[in-house]
Amino acid sequence: MGSKYVLEALIARCNARMLAANEMPAEAVEPIMSALLSIGYTDFAFRQLGVTRDRPPSSYGGNWIDHLAWGTDSIYAAARLIFCGQYMGATTILRSQFERWAENAAYNTGIVHRSGESAASFVGRAWGKCHDNYPFARRPIRNPDAVNHESWDEETEHHSAAGPSITIGLDHEVNPVDLMESMSDLLHGRGPWSELAHWEAGGILNTEPPAAVKDASEKLADVITLILRQIRLCLATLAEEQGKLDLPSKILSMSVEREYAGPTAPKFWSMAPLLPKAGLRPEVVAGLEDAAIAHAEVMIGRRPAGRLYRDDEFAHLHFYERRARAVKWALKAFDIEKERTGNLDFKYLEDRDFRYMVGGEMAGILSVWLKGSPAGDAAASCSSALRSAYWLWLEDDDRALAALRALLEQCARMRVWTEKPEKAEKLAASLSTTPKDWVRAAGWNRLRALTKALGEFSHAHANVRFDGAREILEKIQSGDAEPDDVVHMARGHALDALTVLLLSESVNTASKISVSIGDAFMRIVDDVVISKENLATRREDLLNRTLAQSDTPLGDYSFHGPADALRSAHNSQSVSPDSAS
């Protein structure tokens with residue numbers, strides 16, 4: 001099989017997926033658009049309560065109001081990925097946000113995480129208690145008890161009791177336990193939603209959408225609705241504490257849930273990856289700047305269109321404003337890079353884009369050939385996770401590292417199913433199997449410091465330790481890196497390192513299907529990505545450099561609440577994970 005033709009097929013698949021993303025089916029779009037419409041009066045309230053207006057959408061903020069705004073910005077970041085078919089990436093964001101705001105709900109209603117309780121059961125009780133008589137705005141109940149969360153590495157497959165249901169809109173019942181477990185199952189490569197990764201990675205969004213598209217879109221819309229509702233409660237309490245007593249009723253009453261917002265997603269050009277020839281083209285930047293200006297005009301009561309916006313137009317306007325800020329900060333990052341290094345090498349960025357495309361499409365085409373097998377499921381998850389990790393990396397979004405954590409687990413699963421099928425059968429059959437068991441079975445136990453660091457970015461609860469995790473990622477980088485550069489390159493290095501790992505395993509898995517296909521994959525990697533000698537060397541170097549950091553501690557918590565005054569004083573830029581004000 002000629003490697004030239006295989007490479008052409010990989011490029012064609014990438015292009016076809018981008019075109020198909022411009023025509024997402026209504027069952028994927030409608031629920032999410034309607035959920036976004038429930039933002040209601042929130043953006044008006046943010047401005048009246050002093051939000052930083054030009055904040056980066058991916059920043060979790062240095063104060064409470066900006067942290068709340070990060071919650072809403074995160075919703076739009078997830079929606080963008082859904083509108084492009086990247087459910088894996090969207091779910092990495094939404095699960096951590098669901099966890100984050102469930103913890104807020106628990107703190108303010110006195111719910112404590114019980115010893116041995118699953119994450120899904122805990123969030124179910126928290127959401128149920130806090131929303132059993134919504135709408136309301138209550139003063140927080142200060143409960144300093146720490147929550148003992150599982151790390152990503154320790155997560156097992158849970159089937160928790162259903163727990164309480166919550167009504168959103170007039171009569172739509174949702175079950176938070178089911179929502180949490182469905183999201184976790186997708187991220188760990190199991191359950192009915194795994195078809196979403198196959199549709200995006202293997203089917204390139206161009207085949208008949210599986211039933212999971214409708215189910216996942218509706219449930220993720222429910223997740224979005226609950227998160228936005230919790231943020232509104234926090235805003236209402238904050239307004240009350242600031243003495244702006246007219247705001248709480250507006251915040252809580254001028255928001256609709258499950259109102260129809262139409263089947264039309266935002267324009268694809270607004271969602272394209274932030275590359276000079278895609279989402280950063282001058283006409284795209286100009287269009288988003290115009291939308292941001294219109295959004296600002298609406299926020300002060302004007303009518304930039306000469307009339308009131310329709311509901312769907314309003315939902316789009318909120319979306320475009322977030323994308324305009326993302327573009328602004330990407331361009332600013334380019335300016336900083338030019339100032340720091342003296343030049344701006346877009347060719348280098350294009351080379352990286354090509355490398356990630358090859359890695360993602362190799363795994364994607366493997367998922368087609370292996371459809372119906374666990375190795376095929378893992379390959380599809382790898383392809384989709386890498387694509388989302390890359391898109392989020394371009395946004396300077398730490399959730400790129402959460403997507404890479406999913407990629408690492410699924411890459412390990414693909415290797416174990418390929419090399420040790422009997423071992424894989426035993427791991428898959430046991431409910432006590434954890435993600436690190438798959439990594440260990442793949443022969444990558446030396447990567448435990450990397451899995452630990454990436455796992456921190458997969459969550460947003462009170463016990464996350466982003467700074468320590470980032471320090472580990474910095475130390476794992478090659479000794480050739482300049483000391484002043486490592487802090488700027490940690491995310492990119494992790495992305496490159498796991499792409500190398502995926503390329504290696506894609507070649508290995510392809511060889512088990514057909515020697516000629518494996519040879520073609522290897523020639524492509526050797527010709528246009530990295531020499532086959534360097535491919536093996538870089539993987540071994542990664543394993544050894546990571547092993548050297550196996551005992552590096554994660555350090556202090558990143559989020560500090562009012563219950564711990566000493567830690568709050570220690571970090572003046574901290575935000576509360578568990579207060580409503």
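Quick look at the structure, then. Keep in mind the model is a prediction, meaning the values are calculated, not measured. (Residues numbered from 1 in each chain as written. Predicted model: local features only at pLDDT ≥ 70, side-chain atom pairs only at ≥ 80, totals over all residues. Heavy atoms only, no water.)

Thoughts on the overall build of the chain
(1) Moving on: Along the chain, the regular secondary structure elements total 23 helices and 2 strands.
(2) Moving on: Expressed as a percentage of its 581 residues, the buried residues of the chain come to 60%.
(3) Moving on: Taking as baseline every contact in the chain between residues at least 6 positions apart, the subset at least 24 positions apart corresponds to 76%.
(4) Moving on: When the accessible surface of the chain is totalled, it reaches about 22500 Å², and 52% of it is carbon and sulfur. (Helix = DSSP H or I, 4+ residues; strand = E, 2+ residues; numbered from the N terminus. Buried < 20%, exposed > 50% of the residue type's maximum accessible area, 1.4 Å probe, protein only. Contact = heavy atoms within 4.5 Å. Areas by Shrake-Rupley, 256 points an atom, 1.4 Å probe, with all protein chains shown as cover.)

Quick notes on the packing of aromatic side chains
The geometry of an aromatic ring pair comes down to the distance between the two centres and the angle between the two planes.
(1) Moving on: Applying the stated criterion across every chain, the model contains 16 aromatic pairs.
(2) Moving on: Ring centres of Trp269 and Tyr320 lie 5.9 Å apart, and the angle between their planes is 5 degrees; on these two criteria the pair is classed as stacked. On the criterion of sequence distance, the pair formed by Trp269 in the loop between helix H10 (247-253) and helix H11 (282-299) and Tyr320 in helix H12 (residues 311-341) is long-range, its members being 51 residues apart.
(3) Moving on: A residue is classified by how much of its surface remains accessible, and Trp269, at 33% relative accessible area, is partly exposed.
(4) Moving on: A connected cluster of aromatic rings, assembled from ring pairs, spans Tyr76, Phe83, Trp269, Phe319 and Tyr320.
(5) Moving on: The lysine or arginine in question, Lys332, covers the ring of Trp329, its NZ or CZ lying 4.1 Å from the ring centre. (Phe/Tyr/Trp six-rings, centres within 6.5 Å; stacked < 30°, edge-to-face > 60°. Lys NZ or Arg CZ within 6 Å of the ring centre and 35° of its normal.)

A look at the pattern of salt bridges
(1) Moving on: The final tally for this structure, using the stated rule, is 43 salt bridges.
(2) Moving on: Between Arg125 and Glu117 there is a salt bridge, with the nearest N and O atoms lying 2.8 Å from each other. Just as Arg125 is buried, Glu117 falls in that class too.
(3) Moving on: Salt bridges linked by common partners bring Asp43, Arg55, Asp73, Glu321, Arg322 and Arg325 together as one network. (Salt bridge = Lys/Arg side-chain N within 4 Å of Asp/Glu carboxyl O.)

Here we look at the side chain of Asn508
(1) Moving on: For Asn508, the position within the fold is in helix H20 (residues 486-513).
(2) Moving on: Judged by its relative accessible area of 19%, Asn508 is buried.
(3) Moving on: Among the polar contacts listed, one links the side chain of Asn508 to the side chain of Lys512, at a separation of 3.2 Å.
(4) Moving on: Not counting residues within four places of it along the chain, the set of residues in contact with Asn508 comprises Arg415, Thr418 and Glu419. (Polar contact = N/O pair within 3.5 Å; in protein donor to acceptor, adjacent residues only side chain to side chain.)

A few points about the packing of helix H15 (residues 399-419) against helix H16 (residues 421-429)
Two measures define how a pair of helices packs: the angle their axes make with one another and the distance between the axes.
(1) Moving on: Packing of H15 against H16 leaves a shortest axis separation of 5 Å and a crossing angle of 125 degrees. Judged by the angle between their axes, H15 and H16 are oblique. Contact residues: H15 offers Val416, Trp417, Thr418 and Glu419, while H16 offers Pro421, Lys423, Ala424, Glu425 and Ala428.
(2) Moving on: Here the residues of the contact of H15 with H16 sort into 5 nonpolar, 1 polar and 3 charged. (Axes fitted to C-alpha atoms, helices over the stretch in contact; angles between N-to-C directions. Parallel < 35°, antiparallel > 145°, perpendicular 65-115°, else oblique. Nonpolar A, V, L, I, M, F, W, Y, C, P; charged D, E, K, R; others polar.)

Remarks on helix H2 (residues 26-37)
(1) Moving on: In a regular helix each residue adds 1.5 Å, so 12 residues correspond to 16 Å; H2 covers 16 Å between its end C-alpha atoms and thus fits that length.
(2) Moving on: Counting buried positions along H2 gives 9 out of 12 residues, so the element sits mostly inside the fold.
(3) Moving on: Looking only at H2, the buried set comprises Ala28, Val29, Pro31, Ile32, Met33, Ser34, Ala35, Leu36 and Leu37.
(4) Moving on: Buried residues along H2 sit against helix H4 (64-83), helix H5 (87-107), helix H9 (211-241) and H12. (Expected span 1.5 Å × (residues − 1).)

Describing the packing of H5 against helix H7 (residues 176-187)
(1) Moving on: Two elements in contact, H5 and H7, have axes whose closest approach is 9 Å; the angle formed by their N-to-C orientations is 140 degrees. Classified by the angle between their axes, H5 and H7 sit oblique to one another. Considering the relative orientation of H5 and H7, their crossing is left-handed. Mapping the contact onto sequence places Tyr87, Met88, Thr91, Thr92, Leu94, Arg95, Phe98 and Glu99 in H5 and Pro176, Leu179, Met180, Met183, Ser184, Leu186 and Leu187 in H7.
(2) Moving on: Taken together, the residues of the contact of H5 with H7 break down into 10 nonpolar, 3 polar and 2 charged. (Left-handed = near helix turned anticlockwise from the far one by under 90°.)

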